[in-house]
Amino acid sequence: MEVLEEKEEEEQREEELKAFEVGAKLQDLETKVSMEQVCVPSDVLDFDWSSIDTSQLPSSYKTNSLKEKKLLYIADHFLQQYTHLCPDRKPLFLHPVNECGVEKFVSTTVRPTLLPYTELYHWDGCASFVSDYLTMEPLKSPITQPSSLYSPTTILKYQRGNCFDFSVLLCSMLIGAGYDAYCVHGYATREICTLDETLELCPLLRKPQEVRPAVSGQGGAQHALSSRIELGGTASGPHWISVCAKQGPHQRNLLKASLALLNSCSPGPILQTAEGWELGGTCKLYIFSLLLISGGFHSNTLLLQRQVPKEGLKKSNKYRVKPPPDLQSKFELQQEAKKKAETEAAQKNKEREGEKVMEVEKPKCDPLYGLRVHAWVLVLPGKREVPETFFINPFTGNSHSTMDEHFLGIESVWNHRNYWVNMQDCWNGCKDLIFDLGDTIRWEIMLSRSNKPLQLLPGAEEEKELSHRDMDDKEKEEEDMSFDMPPSWVAPIQISPREFETRCSQGRKVILYKKAKLEKWAPYLNGNGLVKRLTIYADLDCTEVVEVREWFKNREDMLDMREVNKQTQLTKEYFSPGHLLGLKAHTYTLLEPETEHTMVFYNEARVDGLQKRVENANEMTEYFVGRDDFLRVRHMEFGKRGKKIQLAGSRTDLNSRPIVQIKECFHRNLEKPADEDVAERIFLITEETIHLTYHLKDKYITASRKDFFKVVERDRKGNEIIMTPEMCITYQAGSSEKDKKLLHLYKLLQELTEEEKQLKQQVQQSEAEILNILKIRENEETTVKLSVSIYNTERNKKRRQQYEAMMNTMEDELPGQEEQYLDYLAPFLIQIGHREKMTKGQALCVREDCLTDFKHRVIDKANIIQARFEKAVEELQKKDQWFQENQNQLSPEEEDDFLTGYSETTFHIHILALRLNREKQTAPQKYLALEEKLRKDPRLAEHLVIGFRDREERVEAA
């Protein structure tokens, strides 16, 4: 006994030492936490939440209702049980204080709201708005949960908050939009908790992941295998066939069927072994080979071999067929091997450099890894067609998989209806967690819903033997467990259009990524319409700029995006539809003529179908789409000239560049024969020649051609010389005879000469258009103009002035005109001449006429609905009768059309029946309401009250 006591004392001492060591480590962590610095803006740190004004807040912010007090009591009871059962876990985040210092349960802080903006109807729009609109504040202690949780309305008012504030606001918006969303209290990495994205790639730079085919057999991917099938043998050795093929399911079945057929023909059995299939007895190898070849196995993959023992090699060499000589070049093989070795070495060097970069960019070790508290949003599948569970980081607005290594564990989740505690082990982060909140083993629910059966304890069958006191306690506990969540104490969440448009705090936000910086601005904040800028750097210190991308909004020139490469000074501009000249994209280095330009147009907005134009100092190429003449490409070459034109103030017809060559390519016109449909024509202007090339005819490898040589000499009278056979060289594919008729060639040459003149003019027009575009673009960049919608009365001065003038005009009109438009007695007062004072008889006459007219209108409306109802029923009966008669003759499509029309008619009848019943039910109520309104009308009240009094006196006297 003494020995046991000594051992127990030693164990207690060891446990005390361990507890002391753990306490010392925690103290070290607390000191590190106090010394830790988080990179946040100075204005965030200087903000004092205790100085906010809470006097104008509703009473629900400052007090608790009876139901809320009962909920807090249940939460305290739940927390006591949780602490008793799980003493090693941290306390739950249940009822922090709000901005008024009043304890509120976290589920009642969630206020589901659907805001009237299309972008906020989707989860990504809500997450983006929350991350942009709010400014991040770090937790006071990164390893402990906050002591307060403010309402979403206060957070929106001051545009700042911690991760819990972000999550509650985002969850409220997502639930209002129809998502199954929950707030999560858990643990995450330092980068997530501190909003450190300097080691993350910017989302605008991420490329879509490549879908790789499955490698395993379960994925259904076919892989090459080598099967050796032994087909019997002799004393000298067995025979076999090596089959190398893509053995998918079809090939495997075919192989088995061939073996089964061969087995039926062969006297010996066929045995399947680890190496393949072994056939006993004598068998014909060629039969099996032919079976495989006919089944889709390539003949090159079938190798007929015979295994010969080593002892008999020397004897059989004399009679063996010599193998064919190897005709491959040894030098080529050496070069291929050398090239392969160089490629492998370069790949290894690249991998080593990548590993070095990864080591440099690897985040530093975090002493608080696994202890940092964070809050985010969980979205479960089912609602809004969400296919799978995912997380949303409210700081960034990005979605993450539940397998993401940045999320290290979950303590609890909650929404506006309930609160769940995670009872699963998080040793592997959130990867192995199962998010089935209905599983009471993995998730402990706080408020059990009344429609779900309560889980009874093992001794629940002996309830009759319990005392009355125990029964009362149990009934009270069951009543608490089936307690419904009270409504949210938070005021309705509202965001004005101006706040929604401004987004970022003070209209600007800067985010630092890995080798990139993203800047965001509110619309109309910058005079040039700039709303977003992404600067890409070459180093991690962000000192050397490589590229700048800018996004614009509300510009009159429809400029949408601009990319500038700072190393090559290459600029790419992208335009939205609606530009003055139909411009879609423009790539250039300088806004000067005769330099490299690539212009892409919206070809639907142009008459000539021009889609793209590429120009440099010596060439110009135009690409066309959808032209009636089937033109697809026009290429021009220019010669050198002395003077260089300027951007403005010069005439293009006098200073245009000399044209050397014009080349046009055409699509195939199926309405013409191939040897008459021109595929390409080249005008060599300096050489005075024209080359025509026609499309290829079927089953021909050469195309027909015609080459024209224009003669510049003229006769003495100045007339052109008559065309001679030497002026045209013709090649007709498929015909050796030369066409001796020159008349049609002469006419063709005249047409081509005329078209050449037109082409010169078109080229000059293209040059003039380029100059015009450059001039317009220079003016647009010099004086940027922003467009304002006519519905934006705050910024649209002209529209606001029109609205104010209209309102002033309406105020100047007669005061009673509006009442006159809405006066329900106007048709009846006209009959008595609009008298200010009416006699009793006139008042009673107006009252009776009004009531009678109302009766007639109600009856007419009911009759119209009844007639439509009867007509629809009659049509439905006719359709049903027609279907019964022609049912066997209808096709599936006609039957589907009939069923669709039948269902629509049935729905129409149902609506008409509902309307008719509603009219019958509401007509008496409407009549009584009109009678009461007439009795209280100031124009009739005096006479009608007297009339009612007289009637009452007569009734009493009777």
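Since the structure is predicted, the reported quantities are computational estimates derived from the model, not experimental observations.

## What about the overall build of the protein chain?
Argument step 1. Within the protein chain, the secondary structure is distributed over 22 helices and 30 strands.
Argument step 2. Buried positions account for 36% of the 958 residues belonging to the protein chain.
Argument step 3. Taking as baseline every contact in the protein chain between residues at least 6 positions apart, the subset at least 24 positions apart corresponds to 57%.

## A word on the pairing of strand β23 (residues 610–615)
Walk down a regular strand and you will see the side chains alternate between the two sheet faces.
Argument step 1. One ladder, built from four bridges, connects strand β22 (residues 597–601) with β23; its direction is antiparallel. Each bridged residue has a counterpart across the sheet, and for M599 the counterpart in β23 is R613.
Argument step 2. Relative to strand β24 (residues 619–624), β23 is paired through five bridges, and the arrangement is antiparallel. Within β24, the position partnered with K612 by the bridge is Y623.

## A short note on a positive patch on the surface
Argument step 1. Among the surface-exposed residues, R868, R915, R918 and K926 lie close enough to one another that they form a single positively charged patch.
Argument step 2. The topology assignment puts R915 in helix α21 (residues 892–936).
Argument step 3. R915 sits in the partly exposed class, given a relative accessible area of 30%.

## Side note on the side chain of S151
Argument step 1. Take S151: it is sitting in the loop between β1 (135–136) and α6 (152–158).
Argument step 2. Taking the relative accessible area as the measure of exposure, S151 reaches 0% and is therefore buried.
Argument step 3. A polar side-chain atom of S151 sits 3.0 Å from a polar atom in the side chain of T154.
Argument step 4. What S151 contacts, discounting residues up to four positions off in sequence, is Y61, E99, T109, W489 and V490.

## So, the packing of helix α20 (residues 840–886) against α21
Argument step 1. For the pair α20 and α21, the least separation of the axes is 9 Å and the interaxial angle reads 165°. Our classification of the angle between α20 and α21 gives roughly antiparallel. With respect to the hand of their crossing, α20 and α21 are arranged in left-handed fashion.
Argument step 2. Its residues placed into classes, the contact of α20 with α21 shows 22 nonpolar, five polar and 11 charged.

## Some remarks on the confidence of the model for the protein chain
Argument step 1. On average, residues of the protein chain carry a pLDDT of 77, and 73% of them reach 70 or more.
Argument step 2. Across residues 210–254 the pLDDT falls below 50, and counting only partners more than four positions away or on other chains, this stretch makes 96 contacts in the model.
Argument step 3. Taken together, the stretch residues 295–314 has pLDDT below 50 and engages in 40 contacts with residues farther than four places along the chain or on a different chain.

## Structural notes on the sheet that holds strand β11 (residues 398–401)
Argument step 1. Strand order in the open sheet formed by seven strands is β11-β10-β9-β3-β12-β13-β14, and the pairing between neighbours is antiparallel. Two strands in the sheet have a free side with no partner beyond their single neighbour: β11 and β14 (443–445). On average, each strand axis in the sheet is inclined to that of its neighbour by 35°, with strand direction left out of account.
Argument step 2. Note: strand β12 (residues 407–414) against strand β13 (residues 419–422), three bridges, orientation antiparallel.

## Describing the packing of aromatic side chains
Argument step 1. Taken as a whole and judged by the stated rule, the model has 22 aromatic pairs.
Argument step 2. On the basis of an interplanar angle of 10° and a centroid distance of 4.2 Å, the ring pair of Y117 and F500 is categorised as stacked. Note that Y117 is positioned in the loop between α4 (106–109) and α5 (123–133) and F500 in helix α14 (residues 497–502), a separation of 383 residues in sequence.
Argument step 3. By relative accessible area, which is 15% here, F500 ends up buried.
Argument step 4. The interplanar angle of 20° and the centroid separation of 5.1 Å between the aromatic rings of F129 and Y133 together place this pair among those described as stacked. Taken as a pair, F129 and Y133 lie in helix α5 at a separation of four residues, close to a single helical turn.
Argument step 5. For F129, a relative accessible area of 0% gives the class buried.
Argument step 6. Over the ring of W551 we find K532; its NZ or CZ atom is 5.3 Å from the centre of that ring.

## Digging into the pairing of strand β28 (residues 689–694)
Argument step 1. For β28, the tally of buried residues reaches six of six residues, placing the bulk of the element in the interior.
Argument step 2. Across the two faces of β28 the burial is the same, with T689, H691 and T693 and I690, L692 and Y694 all buried.
Argument step 3. Here six bridges tie strand β27 (residues 678–684) to β28, and the two strands are oriented antiparallel to one another. Residue pairing across strands places F683 opposite I690, the latter belonging to β28.
Argument step 4. Taking the residues between adjacent antiparallel strands as the criterion, β27 and β28 are bridged by four residues, where E688 takes a positive phi near 55°.
Argument step 5. Summarising the sheet, β28 and strand β29 (residues 705–709) pair through five bridges and their orientation is antiparallel. What sits directly across from I690, in β29, is F708.

## Quick look at unusual backbone geometry
With the exception of glycine, the majority of residues adopt a negative phi angle, and the majority of peptide bonds are in the trans configuration.
Argument step 1. Positive phi, normally seen in glycine, also occurs at E385, with a value near 60°.
Argument step 2. In this fold, E385 is placed in the loop between β9 (373–380) and β10 (390–393).
Argument step 3. Residues other than glycine seldom take positive phi values, yet F630 does so here, at roughly 65°.
Argument step 4. Mapped onto the secondary structure, F630 falls in the loop between β24 and β25 (631–638).

## Notes on the pattern of salt bridges
Side-chain pairs of opposite charge can arise whenever the charged atoms involved come near each other.
Argument step 1. By the definition in use, this model includes 44 salt bridges.
Argument step 2. Between D132 and K520 there is a salt bridge whose closest N-O contact spans 3.1 Å. You can see D132 sitting in helix α5 and its partner K520 sitting in strand β16 (residues 516–521), a full 388 residues away along the chain.
Argument step 3. A salt bridge links R657 to E767, with the shortest nitrogen-to-oxygen separation between them at 3.0 Å.

## Here we look at a nonpolar patch on the surface
Argument step 1. On the surface, a cluster of nonpolar side chains totalling about 280 Å² of accessible area is made up of Y803, M806 and M807.
Argument step 2. Owing to a relative accessible area of 43%, M806 belongs among the partly exposed residues under this scheme.

## A few points about a negative patch on the surface
Argument step 1. On the surface, E893, E894, E895, D896 and D897 cluster together into a patch of negative charge.
Argument step 2. Within the secondary structure layout, E894 lies in helix α21.
Argument step 3. A relative accessible area of 42% places E894 in the partly exposed class.

## Describing the nonpolar core
Argument step 1. The biggest cluster of nonpolar side chains holds 64 residues, and the ones touching the most others in it are F105, F164, L174, Y419 and M446.
Argument step 2. With 10 residues, the top contributor of residues to this core is helix α7 (residues 163–176).
Argument step 3. Filtering out sequence-adjacent residues up to four positions away, Y419 remains in contact with L92, F93, L94, F105, V106, S107, S412, V413, W414, E444, I445 and M446.
Argument step 4. Core analysis: the second largest hydrophobic core is formed by 36 residues, F552, L610, Y694 and F708 among them.

## Some details on α5
Argument step 1. For α5, the tally of buried residues reaches eight of 11 residues, placing the bulk of the element in the interior.
Argument step 2. Turning to α5, its buried residues are G125, C126, A127, F129, V130, S131, D132 and Y133.

## Quick look at the packing of α5 against α7
Argument step 1. For the pair α5 and α7, the least separation of the axes is 10 Å and the interaxial angle reads 150°. In terms of axis orientation, α5 runs roughly antiparallel to α7. Regarding α5 and α7, the two cross each other, and that crossing is right-handed. On α7, the residues touching W123, C126, A127, F129, V130 and S131 of α5 are F166, L169, L170, M173 and L174.
Argument step 2. Here the residues of the contact of α5 with α7 sort into 10 nonpolar, one polar and no charged.

## Re the side chain of R657
Argument step 1. Relative to the helices and strands, R657 resides in the loop between α15 (652–655) and β26 (659–666).
Argument step 2. A polar contact is formed between the side chain of R657 and the backbone oxygen of N616, at a distance of 3.2 Å.
Argument step 3. Excluding anything up to four places from it in sequence, R657 contacts E594, E615, N616, A617, N618, M620, F638, R641 and E767.

Criteria and thresholds
- Residue positions are counted from 1 within each chain, in the order its sequence is given.
- This being a predicted model, a pLDDT of at least 70 is required before a residue's local features are given, and a value of 80 or more before pairs of side-chain atoms are given or counted; all residues contribute to the totals for chains, interfaces and linings.
- Water and hydrogen atoms play no part in the side-chain values, which are based on all heavy atoms of the structure.
- Secondary structure counts use DSSP, requiring at least four H or I residues in a row for a helix and at least two E residues in a row for a strand, with both numbered from the N terminus.
- To sort residues, take the accessible area from a 1.4 Å probe on protein chains only and compare it with the maximum for the residue type: under 20% means buried, over 50% means exposed, and anything in between is partly exposed.
- Here a residue-residue contact requires only that any non-hydrogen atoms of the pair lie within 4.5 Å.
- A strand pair is defined by DSSP finding two or more bridges across the two strands.
- The patch calculation keeps residues exceeding 30% relative accessible area without a salt bridge and links them within 9 Å when they carry like charges or within 5 Å when they are nonpolar (Val, Leu, Ile, Met, Phe, Trp, Tyr).
- For the accessible areas, the method is Shrake-Rupley and the probe is 1.4 Å, while residue cover comes only from the protein chains on display.
- Salt bridge, as used here: a side-chain nitrogen of Lys or Arg that lies within 4 Å of a carboxyl oxygen of Asp or Glu.
- None of His or the chain ends enter the tally, which takes Lys and Arg as positive and Asp and Glu as negative.
- Note that the charge is assigned to NZ on lysines, CZ on arginines, CG on aspartates and CD on glutamates.
- We call two N or O atoms a polar contact when they sit within 3.5 Å, provided that within protein one can donate a hydrogen and the other can accept it, with sequence-adjacent residues counted only if both atoms are side-chain atoms.
- In this description, a line fitted to the C-alpha atoms serves as the axis of each element, helices being fitted only across the stretch in contact, and the angle between N-to-C directions of two axes falls anywhere from 0 to 180 degrees.
- Note on terminology: angles under 35 degrees are roughly parallel, angles over 145 are roughly antiparallel, angles of 65 to 115 are roughly perpendicular, and the others are oblique.
- Take the far helix as your reference; a near helix turned counterclockwise from it by less than a right angle gives a left-handed crossing, and one turned clockwise gives a right-handed crossing.
- Note on residue classes: Ala, Val, Leu, Ile, Met, Phe, Trp, Tyr, Cys and Pro are nonpolar, Asp, Glu, Lys and Arg are charged, and everything else, Gly too, is polar.
- Each residue carries a pLDDT score, the predictor's own confidence in it, on a scale running from 0 to 100.
- Pairing of aromatic side chains here covers Phe, Tyr and the six-membered ring of Trp, requires ring centres within 6.5 Å, and sorts the geometry by plane angle: under 30 degrees stacked, over 60 edge-to-face, intermediate tilted.
- A ring is considered to have a charge above it if a Lys NZ or an Arg CZ atom is located within 6 Å of its centre and within 35 degrees of its normal.
- Here the nonpolar core consists of buried residues drawn from Ala, Val, Leu, Ile, Met, Phe, Trp, Tyr and Cys, with membership extended through side-chain atoms lying within 4.5 Å.

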